Amino acid sequence: MQPEDAAAAPQPSSRAALKQWLADLNTQVARIPGSRFIYPALVFLVALAGYRVAQSSVEFYQHHIYLAEAMLHGSFDVKAAGIPDYYQDTVTVGDAKYLPYGPAPAILLVPGVALQGTGFSEMDFTIFLGAVNAVLFWYILGLVRVGAFSRWLGVIFFTFGTVHFYSATEGTLWFYNHIAAVFFLQIAIILFLKRAPLFLPAFVLGLAWLSRSPTLIAMPFFLYGILARWDENFSLKSLIQIDFYKRFVRSKALADGIIFGIGLVPLGIFYLWYNDVRFGDPFDSGFNTVYETYTNGGLAYSFYRVDNPGASHFPLFDVRNITLHIYTMFFMPPDYHPDLSIVRPSPYGLSIFMTSPAFIYAFFVKRKTWLQPACWLAVGLITVPLFMHYSQGWVQYGYRFLLDYMPFLAILTVMGFDAHQSRNGRILMITLVAISVASGSWGRYWGNELGW
C-alpha cells in the first residue's frame, strides 16, 4: 500500500509536463553530433516543402535571369540576353534594354545561370531563398534570446503567416526583389548582432539596397545599436542634449559609425557607375521612365485610378499618396463576388489585419532593450518613402511593401510574443498566427486561380 504522504504528492500539470518533455527533448537532441544544425535544417525543409506545394502557377517576368545572363557577357543589356518583348518594367536606350532595378538579386542568380543559361528558374530560386530566409530569421531569434515557444511560433508566423509566404511562392521580378532584400537585410542584422567588423553588415546592407532601395534607410537601426553599445543609457532623447555630443566626438562610437559608413561606400560608387553605364547619368536609375510608362499608358496601377480614372496622376513621390498607402495597408477589404466564393483578395492589396493579425504583438514588447526603439526607428523611416510612392503595389496579396522592413517588424512581434506567456496569452497568439497562416493560404490559392 502506498504511503499517505506519497499518495498526496501533487501531480505535475499538463503544461509543466509538456515543458519538461520539451526540455528533455532538447537535451537528447543536443547529444547528437552536429545537433546545432538539426533545427535549422528542419525549418529549411518545412519551409521549402510548404513553398513548393503552394508555388505560383505563373512562371514568367523572370527579369533577373536575363540580367544575370547579360552580366556573364560583360553587359547590363537584357535585350541582348534575350529578354521577351512582353516583359514590362524595362527601359529602352537606343538598341539596348535595361532594368531600372538594382543588380543584387541578379548577382545571386549568376551561378545558376552560368550552369543552365536562361533556362534557370527564378521561381525555384525564389522558393529556395525564401526557405533560407526562414532559417535566418530562426537564427536572429536565437541571437535576440526569445523563449523556445516564441521562437518556434515566430518562425511559423514569418514563414507562412506574412506576405513573405506569398512573395516566396511567386517568383516574379517584383516579389523576388523583396525576397532578396529580406535575405541581405537579415544577414546584415546577424552580422551586427554577432559583432562582426562593422564594415561587413554595412556592405551587406548595401546589397539589400541594391535589391530594394528603401532598405538603405534601415541604416539608423545599426547606428542606434552602435550608440547603445557605447552608452547603455542612450535614447533618442540623448540627441537633444549638448553633453551627449561633447562625449560623442571623443568616443569609439564615432569611429565605429565612420567604419560602418565606409562599408557602404563601395556599393554607392558602384551604383553611380551602374546608372551611368545604363543611362549616361549616375543619378538616373530609370525609375522615372518606368513611372511615365505607367502613367502615360492608361494602366490602372492603383485602386485610386480604378475609382477615379480621369484624375490627374500624382508624381513618382508625393505626400498625396500617403493616405492611399495607409488605406491599403490597414483598411483595404477583399473584393466581393456574387458567386460561391463571395470574397476574393483584391489585386491592389489587403489590410494587414486580415493578412497577418499577429503583427499586433509588435506593440506589446515589455523587454527593455535597444532593439525595440531601433527596430521601430527602422520601420518608421523606411515607411516614409514607401508611403509617398505613386503605387501601393499591384497584382499582389496583402501589402508587399511591408517586406522592406519585415525583419524589424517580425523581431518586434516575436519579442511581443515572448512578453505574454500566460496560458490565455499563448492561446491568443496561436490563434492569431493560425488565422495569418490560413489567410496566406487563401491568398495563395486565389493568386494561383486568378493567374497572378
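Quick look at the structure, then. Residue numbers run consecutively from 1 along every chain, following the written order of its sequence. Only residues with pLDDT of at least 70 get local features here, since the model is predicted, and only at 80 or more are side-chain atom pairs given and counted; chain-wide, interface and lining totals rely on the full set of residues. For side-chain calculations, the full set of non-hydrogen atoms in the structure is used, while hydrogens and water are omitted.

## Quick word on the overall build of the protein
Helix numbers and strand numbers start at the N terminus; a helix is a DSSP run of H or I with at least 4 residues, a strand a run of E with at least 2. Within the protein, the regular secondary structure consists of 20 helices and four strands. Expressed as lengths along the three principal axes of its C-alpha atoms, the size of the protein is roughly 95 × 70 × 45 Å. Buried residues are those whose accessible area, probed at 1.4 Å on protein chains only, stays under 20% of the maximum for their type, while exposed residues exceed 50% and partly exposed ones sit between those limits. Expressed as a percentage of its 452 residues, the buried residues of the protein come to 51%. Two residues qualify as a contact provided that any one of their heavy atoms is within 4.5 Å of a heavy atom in the partner residue. Across the protein, the fraction of contacts at a sequence separation of at least 24, relative to all contacts at a separation of at least 6, is 73%. About 21,000 Å² of surface is accessible on the protein, with carbon and sulfur atoms providing 65% of the total. For the protein, the separation between the mean place of its 29 positive charges and that of its 27 negative charges on side chains is 12 Å. Accessibility throughout is a Shrake-Rupley quantity obtained with a 1.4 Å probe, and a residue counts as covered only by protein chains that appear here. Within this scheme the basic residues Lys and Arg register as positive and the acidic residues Asp and Glu register as negative, but His and the chain ends are omitted. To locate a charge, take atom NZ for lysine, CZ for arginine, CG for aspartate or CD for glutamate.

## Section: the nonpolar core
Counting 127 residues, the largest nonpolar core has Phe-221, Leu-402, Tyr-405 and Phe-408 as the members making the most contacts within it. By residue number, the principal contributor to this core is helix α6 (residues 122-144), which donates 14 residues. Residues enter a nonpolar core if they are buried and are Ala, Val, Leu, Ile, Met, Phe, Trp, Tyr or Cys, with the set joined through side-chain atoms within 4.5 Å.

## As for the side chain of Glu-170
Along the chain, Glu-170 turns up in the loop between α8 (163-168) and α9 (173-193). With a relative accessible area of 2%, Glu-170 lands in the buried category. Each residue touching Glu-170, except ones within four places of it in the same chain, is listed here: Ser-56, Val-58, Met-123, Phe-175, Arg-444 and Trp-452.

## Details of the pattern of salt bridges
Salt bridge criterion: a side-chain nitrogen from Lys or Arg within 4 Å of a carboxyl oxygen from Asp or Glu. Applying the stated rule across the entire model yields eight salt bridges. Put simply, Glu-170 and Arg-444 hold a salt bridge, and the shortest N to O gap is 2.9 Å. Taken together, the residues span a long stretch of sequence, with Glu-170 in the loop between α8 and α9 and Arg-444 in helix α20 (residues 423-449) at a distance of 274 residues. Within this structure, Asp-231, Asp-243 and Arg-247 form a network of salt bridges that share partners.

## Some words on helix α16 (residues 322-331)
All of the buried residues in α16 are Leu-324, His-325, Thr-328 and Met-329. Taken around the axis of α16, the buried residues stretch over an arc of 120 degrees, which confines them to a single face. The exposed residues of α16 that point more than 90 degrees off its buried face are Thr-323 and Phe-331. Close packing links the buried residues of α16 with α15 (303-307), α17 (352-355) and α18 (371-388). Taking the helix axis as origin, the arc is that swept by the directions to the C-beta atoms.

## A few points about the environment of Ala-300
For Ala-300, the position within the fold is in the loop between α14 (287-296) and α15. Along the backbone, Ala-300 and Val-93 are 207 residues apart, and their C-alpha atoms lie at a distance of 26 Å. Those residues in contact with Ala-300 that sit more than four places away from it in its chain are Arg-305, Val-306, Tyr-348 and Trp-394.

## Some details on the packing of aromatic side chains
The relative placement of two aromatic rings is captured by the distance of their centres and the angle of their planes. Stacked, tilted and edge-to-face are the three classes assigned to paired rings of Phe, Tyr and Trp, where Trp is represented by its six-membered ring and a pair needs centres within 6.5 Å; plane angles under 30 degrees give stacked, over 60 edge-to-face, the rest tilted. Evaluated as defined, the whole model comprises 59 aromatic pairs. Judged by centre distance (4.9 Å) and plane angle (80 degrees), the ring pair of Phe-60 and Tyr-61 falls under edge-to-face. A relative accessible area of 17% means that Tyr-61 is categorised as buried. Ring plane angle 35 degrees and centroid distance 5.1 Å describe the contact between Phe-363 and Trp-376, whose orientation is recorded as tilted. Within this pair, whereas Phe-363 is found in the loop between α17 and α18, its partner Trp-376 is found in helix α18, the two being separated by 13 residues in sequence. Looking at Phe-363, the relative accessible area reads 57%, which means it is exposed. Following the ring pairs from residue to residue traces out a cluster consisting of Phe-60, Tyr-61, Tyr-66, Tyr-86, Tyr-87 and Trp-174.

## Description of unusual backbone geometry
Phi at Tyr-61 takes a positive value of approximately 55 degrees, unusual for a residue other than glycine. Within the secondary structure layout, Tyr-61 lies in the loop between α3 (38-54) and α4 (63-72).

## Focus: the packing of helix α5 (residues 104-116) against α9
Two quantities define a packed helix pair, namely the angle between the axes and the distance from one axis to the other. Axis definition: a line fitted to C-alpha atoms, over the contacting stretch in the case of helices. Angles run 0 to 180 degrees between N-to-C directions. Relative to each other, α5 and α9 sit at 85 degrees, their axes nearing to 9 Å. In terms of their interaxial angle, α5 and α9 are classed as roughly perpendicular. Along its contact with α5, which presents Ala-104, Pro-105, Leu-108 and Leu-109, the element α9 presents Tyr-176, Asn-177, Ala-180, Phe-183 and Phe-184. A class-by-class count of the residues in the contact of α5 with α9 yields eight nonpolar, one polar and no charged. Here the word oblique covers every angle except those under 35 degrees (roughly parallel), over 145 (roughly antiparallel) and from 65 to 115 (roughly perpendicular). Here the nonpolar group is Ala, Val, Leu, Ile, Met, Phe, Trp, Tyr, Cys and Pro; Asp, Glu, Lys and Arg are the charged ones; every other residue, Gly included, is treated as polar.

## Regarding the environment of Pro-385
Here Pro-385 is to be found in helix α18. For the pair Pro-385 and Ser-341, spaced 44 residues apart in the sequence, the C-alpha separation amounts to 36 Å. Apart from the residues lying within four places of it in its own chain, the contact partners of Pro-385 are Ile-217 and Phe-317.

## A look at the side chain of His-63
Structurally, the position occupied by His-63 is in helix α4. A relative accessible area of 0% means that His-63 is categorised as buried. The contacts of His-63, once residues within four sequence positions are left out, are Ile-83, Tyr-87, Gln-88, Asp-89, Thr-90, Leu-99, Glu-122 and Leu-173.

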